[in-house]
Structures are given as structure tokens and as C-alpha cells.
2 protein chains.
Amino acid sequence: MADVEETIKRIQSQKGVVGVIVMDNAGRAIRSTLDDDQTAQYSALLQTLCERAKGAIRELDSTNDLTFLRLRTKKVSVLTPLLYIL
Amino acid sequence: MADVEETIKRIQSQKGVVGVIVMDNAGRAIRSTLDDDQTAQYSALLQTLCERAKGAIRELDSTNDLTFLRLRTKKVSVLTPLLYIL
């Protein structure tokens, strides 16, 4: 678990990073540097978006899978690496 | 219009690029280097995904807007810069 904390600290220390949320496959926040409200809001929205993106990718090719989703907006960049912990 | 064609050629010539689709705000393909079936399939899926992503961003901050969506999968990378031609 120490290396997860180190990774979160390393990401959090990058310029402009507002927060880090670690979510399980069902979209539940396992660890977050944001407050509870923001964590709940972000994880719910990102979970829905990731599911929709996974569905779109599988519709194009059922043997393929989403590994990374990046959103850039006028104000922020949201990076969503999808790591599968088996 | 010539500079659009040049840009498409430049993107298309990049290593690994399978195709380029230019879509309007309503998700209609204006120009594509893919065949009609692929163009219809990709543009429908990406339009839905972009709308969902835009909605999620606005739910977090109604003054913000999506400018770029990138999907990386096991096999390909799909880049979706959202350019607003006013």
C-alpha cells in the first residue's frame, strides 16, 4: 500500500494537479485527495463516462478495451488511466 | 478549404493514423478518410461520447467546456479535438 501512497503523492505534487481519486471497477472511490463532496461528484461522473467509453470501444471491436481516457477542458485536464487490479 | 485538406493529409500521414473524420457540432461527418460504414459508426459513437463528456464537465462547472477528448485502448488511440467554428 505504501507504493500507492507514494504514487498519489508524486502525482499530487505535479504542477496544476487539483486532486487524485483512485476508484475500483464499480466506480467507488477507494482513495481520494479531494473532499467527500467533490470525490462523490467526480467519481460518479467519471464512472458513467468510462462505462460509456468502454461500451463505445467494444461496439467498434469486441476484442478491444479502454485503457486511458483524457478530457481537456477550457480550465482543467482530467486524466483517467484505467488500471485493472486482478 | 485547402488548408483543411492539408491538415487532414498531414494528420493522415502520421505513423499509425487509421483515419480522420471532421464532424460538425451535431455529429454529422463533413469529411472523412474512412469508408462510409466506418465513418457512420465512429461518428455516431464519438458524438454520443462527446455529448456525455460535455454534460459531465458542465455538471462540475457550468462555465467550463470540453475542448479535447482522448481515448486510448489496447489497440488504438482516438483523439477528438473539439473545434468550434463560429
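Residues numbered from 1 in each chain as written. Chains lettered and ligands numbered in written order. Predicted model: local features only at pLDDT ≥ 70, side-chain atom pairs only at ≥ 80, totals over all residues. Heavy atoms only, no water.

Asker: For the overall build of chain A, give the residues involved together with the corresponding values.
Answerer: Along its length, chain A carries 2 helices and 4 strands. Along chain A, helices and strands appear, N-terminal first, in the series α-β-β-α-β-β. Once local pairs closer than 6 in sequence are excluded, the contacts in chain A between residues at least 24 apart make up 16%. When the accessible surface of chain A is split by element, carbon and sulfur atoms take 54% of a total near 5,700 Å². (Helix = DSSP H or I, 4+ residues; strand = E, 2+ residues; numbered from the N terminus. Contact = heavy atoms within 4.5 Å. Areas by Shrake-Rupley, 256 points an atom, 1.4 Å probe, with all protein chains shown as cover.)

Asker: Which residues make up the nonpolar core, and what values do they have?
Answerer: Membership of the largest hydrophobic core comes to 18 residues, with the highest contact counts inside it found for L69(A), L71(A), L69(B) and L71(B). Where this core is concerned, the elements lending two or more residues are α2 (36-60) and β3 (66-73) of chain A together with α2 (36-60) and β3 (66-73) of chain B. (Core = buried A, V, L, I, M, F, W, Y, C linked by side-chain atoms within 4.5 Å. Buried < 20%, exposed > 50% of the residue type's maximum accessible area, 1.4 Å probe, protein only.)

Asker: So, the environment of R28(B): which residues are in play, and what are the values?
Answerer: All names here are of chain B. Its place among the elements puts R28 in the loop between β1 (21-23) and β2 (29-32). Of the residues examined, R28 reaches a relative accessible area of 56% and is grouped as exposed. Put simply, R28 and I57 are 29 residues apart on the chain and 22 Å apart in space, counted from C-alpha to C-alpha. Those residues in contact with R28, other than ones at most four positions away along the chain, are V22 and M23.

Asker: Give me the relation of the copies chain B and chain A: which residues, what numbers.
Answerer: Of the transformation superimposing chain B on chain A, the axial component is 0.0 Å and the angular component is 180 degrees, with the fit at an RMSD of 0.0 Å. Look at the turn and shift together and you get a two-fold axis relating the two. Taking C-alpha positions as the reference, the residue of chain B nearest the rotation axis is R70(B), at 2.5 Å. In this assembly, 100% of the residues forming the interface of chain B have copies in chain A that are likewise at the interface, indicating an isologous arrangement. (Least-squares fit on C-alpha atoms with pLDDT ≥ 70 in both.)

Asker: Help me get a handle on the pattern of salt bridges, residues and values and all.
Answerer: Evaluated as defined, the whole model comprises 10 salt bridges over all chains. The salt bridge partner of R58(A) is D65(A), with a shortest N-O separation of 3.1 Å. For R58(A), a relative accessible area of 39% puts it in the partly exposed group. D61(B) is the salt-bridge partner of K75(A), the closest N and O atoms lying 2.9 Å from each other. With K75(A) in the loop between β3 and β4 (77-81) and D61(B) in the loop between α2 and β3, this residue pair bridges two chains. (Salt bridge = Lys/Arg side-chain N within 4 Å of Asp/Glu carboxyl O.)

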